[in-house]
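The primary structure of each chain is shown beneath.
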Amino acid sequence: MKVIKFNEAVVDQAPTILVLGYFDGLHLGHQALFEKARALASEKNATISVLTFPESPTLVFKKFNTDLFKHLTSKAKRCQLFEDNGVDFLYFTDFTSHFAKLTSHDFIANYIRHLSVAAIVVGFDYQFGSDHAGLEALSAYETYQIDKVIADGQKISSTAIRQAILDGDVTRANQLLGYAYEVTGIVVHGEARGRTIGYPTANIASKDSQYIPAIGVYVVDIEVSGKRYRGMASIGYNDTFGGKNKTLEVHIFDYRDEIYGETVTVYFLQFIRGMIKFDSVADLITQMESDEKTSREFNA
């Protein structure tokens, strides 16, 4: 897959199926679009292209807060998911105030017409341009609008997945995503309290602006140096510079090597419990032994 910064000098004469949208998370609803795109690409002997944005368009319209920078996937994972879904050319363009003012006619003239589009695939609620145009503006092209995908009576959406993660319901999030929610980060030094009770943890600082699940204890897998291990993760709050920051710590089963500075990926599999204030260290250890048993016995 080629990743390309789109500009008006881009001209591709090869026939392509163009998929339009923002695609935070590339969940099962998004994957339905790419399933259709792959079928069309096979039928028309065409490639598959995506034209999208590196950051959420909401940054241009809403008062800034740091949550607007957060994503369901890291940039690397997002690109991997596009490639896994059959994308040959991934075009990025920045969503700016200038871009937001483009009409649907401008968008077609400045972007779509620079590609040799054999067909266009969009989602059920797709609109574009400052005039909020729908399919009628794309009438010059063979266009397919994919119906919304429903799971347990609920529309699959990035918004629903984000909320499930923030609620700690990673099981539900994973069902809607079609894969295990993951967070990538670097192993850094923490308080090292786990060592004193026989449960050393890797303290992980996220490198990307991703959503961290609700505070609590989770069954996880963790990938270290290309190998995946089972573990249990604790998410909580520590005071840092007078503020409250979520911390992510993972006890990796049957692993004793020091991995400070390593980039690791944590896959959230199941919520075990919320945080509990224990009366004694002995009670804490008893609970952690129970958490370990639950984590080891979990079958993904």
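Residues numbered from 1 in each chain as written. Predicted model: local features only at pLDDT ≥ 70, side-chain atom pairs only at ≥ 80, totals over all residues. Heavy atoms only, no water.

(A) Representation of the overall build of the protein chain within the structure. Counting secondary structure elements, the protein chain contains 8 helices and 14 strands. For the protein chain, the spread of C-alpha atoms along the principal axes amounts to about 70 × 40 × 40 Å. Across the 300 residues that make up the protein chain, the buried fraction comes to 47%. Across the protein chain, the 30 positively charged side chains and the 37 negatively charged ones have centroids separated by 2 Å. (Helix = DSSP H or I, 4+ residues; strand = E, 2+ residues; numbered from the N terminus. Buried < 20%, exposed > 50% of the residue type's maximum accessible area, 1.4 Å probe, protein only. Lys, Arg positive; Asp, Glu negative; His and termini not counted. Charge placed at Lys NZ, Arg CZ, Asp CG, Glu CD.)

(B) Geometry of unusual backbone geometry. With a phi close to 55 degrees, Asn45 is a non-glycine residue in the positive phi region. As for its position among the elements, Asn45 is in the loop between α1 (28–44) and β3 (47–52). By relative accessible area, which is 68% here, Asn45 ends up exposed. Positive phi is not limited to glycine here, since Ser225 has a value of about 50 degrees. With respect to the helices and strands, the residue Ser225 is situated in the loop between β11 (216–224) and β12 (227–240). Judged by relative accessible area, Ser225 falls into the exposed class, the value being 62%.

(C) Region of interest: the packing of helix α6 (residues 158–166) against helix α7 (residues 170–177). For the pair α6 and α7, interaxial distance at closest approach is 7 Å and the crossing angle is 155 degrees. In this view, α6 runs roughly antiparallel relative to α7, as classed from their interaxial angle. The handedness of the crossing between α6 and α7 is left-handed. In contact with Ala160, Ile161, Ala164 and Ile165 of α6, α7 contributes Val170, Arg172, Ala173, Leu176 and Leu177. Its residues placed into classes, the contact of α6 with α7 shows 8 nonpolar, no polar and 1 charged. (Axes fitted to C-alpha atoms, helices over the stretch in contact; angles between N-to-C directions. Parallel < 35°, antiparallel > 145°, perpendicular 65-115°, else oblique. Left-handed = near helix turned anticlockwise from the far one by under 90°. Contact = heavy atoms within 4.5 Å. Nonpolar A, V, L, I, M, F, W, Y, C, P; charged D, E, K, R; others polar.)

(D) Representation of the packing of aromatic side chains within the structure. If you walk through the whole model with that rule in mind, you get 20 aromatic pairs. Ring centres 5.5 Å apart and planes at 75 degrees place the aromatic pair Phe6 and Tyr91 in the edge-to-face group. With Phe6 in the loop between β1 (2–5) and β2 (12–20) and Tyr91 in strand β4 (residues 89–92), this pair connects stretches of sequence that are 85 residues apart. Ring plane angle 85 degrees and centroid distance 6.0 Å describe the contact between Phe99 and Phe107, whose orientation is recorded as edge-to-face. The pair Phe99 / Phe107 is uniform in exposure class, with both members buried. One aromatic cluster in this structure is built from Phe6, Phe53, Phe61, Phe89, Tyr91, Phe95, Phe99, Phe107, Tyr111, Tyr126 and Phe128. Here the guanidinium or amino end of Lys36 rests over the ring plane of Tyr144, the centre of that ring lying 4.6 Å away. (Phe/Tyr/Trp six-rings, centres within 6.5 Å; stacked < 30°, edge-to-face > 60°. Lys NZ or Arg CZ within 6 Å of the ring centre and 35° of its normal.)

(E) Broad picture of the pairing of β11. Counting buried positions over the 9 residues of β11 gives 8, a clear majority of the element. Sheet topology places β11 next to strand β14 (residues 263–273); 8 bridges connect them, and they run antiparallel. Along β14, the bridge assignment pairs Tyr218 with Phe271. (Pairing = 2+ DSSP bridges.)

(F) Representation of the pattern of salt bridges. Overall, the coordinates contain 12 salt bridges when judged by the stated rule. Residues Arg162 and Asp24 are paired through a salt bridge, measuring 3.2 Å at the closest nitrogen-oxygen approach. Of this pair, Arg162 sits in helix α6 while Asp24 is found in the loop between β2 and α1, placing the two residues 138 residues apart along the sequence. Each of the salt bridges in this network shares a partner with another, and the network as a whole consists of Asp221, Arg228 and Arg230. (Salt bridge = Lys/Arg side-chain N within 4 Å of Asp/Glu carboxyl O.)

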